[in-house]
Amino acid sequence: MSTTTDVAAAPAKPKPGATSPGIRIAGHALATIGGMLELIAGAAAIKRGGFPPELSIMLLFTGGLTLLLVRASYWQRNRAAWAFLSVIAGVMALCTLFGSAKIRGALGVGFGTVLIFPFLYAFAAGMLGTLGLDYRESRTEASDDKQRRTA
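The rules behind these values
- Sequence order as written defines the numbering, with residues in each chain counted from 1.
- A pLDDT threshold of at least 70 governs which residues receive local features in this predicted model, and a stricter bar of 80 or more applies before side-chain atom pairs are shown or counted, although totals over entire chains, interfaces and linings include all residues.
- Side-chain numbers here rest on the full set of heavy atoms in the structure, without hydrogens or water.
- Note on conventions: DSSP H or I runs of at least 4 residues are helices, E runs of at least 2 residues are strands, and numbering of each starts at the N terminus.
- Per-residue accessibility, obtained with a 1.4 Å probe over protein chains only, is compared with the maximum for each type, and a residue is labelled buried under 20%, exposed over 50%, and partly exposed between these values.
- In what follows, a contact means two residues having at least one pair of non-hydrogen atoms within 4.5 Å.
- Per-residue and other accessible areas were derived by the Shrake-Rupley procedure at a 1.4 Å probe size, with only the shown protein chains allowed to occlude residues.
- Values of pLDDT, ranging from 0 to 100, describe the predictor's confidence in every residue of the model.
- Between the N-to-C directions of two axes lies an angle of 0 to 180 degrees, each axis being a line fitted to C-alpha atoms and, for a helix, fitted only over the stretch in contact.
- For this classification, under 35 degrees means roughly parallel, over 145 means roughly antiparallel, 65 to 115 means roughly perpendicular, and everything else is oblique.
- It is the rotation of the near helix from the far one that decides the hand of a crossing: anticlockwise by less than a right angle makes it left-handed, clockwise makes it right-handed.
- The span one expects for a helix is its residue count, reduced by one, times 1.5 Å.
- Nonpolar cores were defined as sets of buried Ala, Val, Leu, Ile, Met, Phe, Trp, Tyr and Cys residues, with membership established by side-chain atoms within 4.5 Å.
- Here a polar contact is taken to be a pair of N or O atoms separated by no more than 3.5 Å, where protein atoms must pair a possible hydrogen donor with a possible acceptor and residues adjacent in sequence count only if both atoms sit in side chains.

Q: Report on the overall build of the chain, specifying residues and quantitative values.
A: Along its length, the chain carries seven helices and zero strands. For the chain, the sequential pattern of α-helices and β-strands runs α-α-α-α-α-α-α. Within the chain, the proportion of its 151 residues that are buried is 26%. Pairs at least 24 residues apart make up 67% of the contacts formed inside the chain by residues separated by at least 6 positions. For the chain, the exposed surface amounts to about 10100 Å²; the carbon and sulfur share of it is 69%.

Q: A description of the confidence of the model for the chain should follow, citing residues and the corresponding values.
A: Caution is warranted with low-pLDDT regions, since their predicted coordinates should not be read in detail. The predicted model of the chain has a mean per-residue pLDDT of 83, with 79% of residues at 70 or higher. Contacts from residues 10-14, a stretch scored under 50 in pLDDT, to residues over four places away or in other chains number zero contacts.

Q: Which residues make up the packing of helix H1 (residues 21-48) against helix H2 (residues 53-74), and what values go with them?
A: Between H1 and H2, the least distance of the axes is 7 Å, while the angle of their chain directions is 155°. Taken as axis vectors, H1 and H2 run roughly antiparallel relative to one another. Note that H1 runs across H2; the crossing there is left-handed.

Q: Can you tell me about H2, naming the residues and giving the values?
A: Its 22 residues place the ends of H2 32 Å apart at the C-alpha level, agreeing with the 32 Å of an ideal helix rising 1.5 Å per residue. Buried residues along H2 sit against H1 and helix H3 (79-98).

Q: How would you summarise the nonpolar core if you had to cite specific residues and measurements?
A: Ala31, Leu69, Trp82, Leu85, Leu128 and Leu131 are the most contacted members of the largest nonpolar core, which totals 14 residues. Secondary-structure elements contributing two or more residues to this core are H2, H3 and helix H6 (116-129). Looking at this core, the element that brings in the most residues is H3, giving six residues. Setting aside anything within four residues of it in sequence, one finds Trp82 in contact with Ser73, Leu128, Gly129, Leu131, Gly132 and Tyr135.

Q: Mind laying out the side chain of Ser73, listing which residues take part and the relevant values?
A: In this structure, Ser73 sits in helix H2. If sequence neighbours within four positions are ignored, Ser73 has contacts with Arg24, His28, Asn78, Ala81, Trp82, Leu85 and Tyr135.

Q: An account of unusual backbone geometry is requested, with residue identities and associated values reported.
A: Look at Arg77: it is not a glycine, yet its phi comes out positive at around 50°. Tracing the sequence through the fold places Arg77 in the loop between H2 and H3.

Q: Tell me about H1, and please be specific about residues and values.
A: Under the 1.5 Å per step criterion, the end-to-end length of H1 is 40 Å for 28 residues, consistent within 8% with the ideal 40 Å. When we look at burial in H1, the residues that qualify are Arg24, Gly27, His28, Ala31, Gly34, Gly35, Glu38, Gly42 and Ala45. Looking at the packing, one finds that the buried side of H1 touches H2, H3 and H6. Where H1 begins, one side-chain oxygen reaches toward the backbone nitrogen of Gly22, 3.2 Å away; that side chain belongs to Ser20. Following H1 by one or two positions, Gly49 adopts a phi angle in the positive range, close to 80°.

Encoded structure:
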């Protein structure tokens, strides 16, 4: 009778309090879609003309930054990237919601089309916000950091 177990055959247990992988994928996918839409909108604003250059630069910058943060948060599980990505999604949800009348006038589309963007960002922010336990530092890492600061 053998008491050893094959480690490779044992399924990996999720962390206690870990969120569903579907929510993690969906939150990052929505943030990716938002970042790509920002890049497309920034490039279109430059090409079309008539928009302030600051708007184009802001859209290109936040779109690129969002995609970089998604990469760091999802693939590298970087806690700081996840937190900043959650905040950017929330801020973009509020900005596009309150700016929807101005955006509608500039683009000449209906409110239903314009309101897709704030809801996309709001869902992304909500889903990313629920991933807090996945990015929580372990107790040993936190205590190691505390010891380094006091030494």
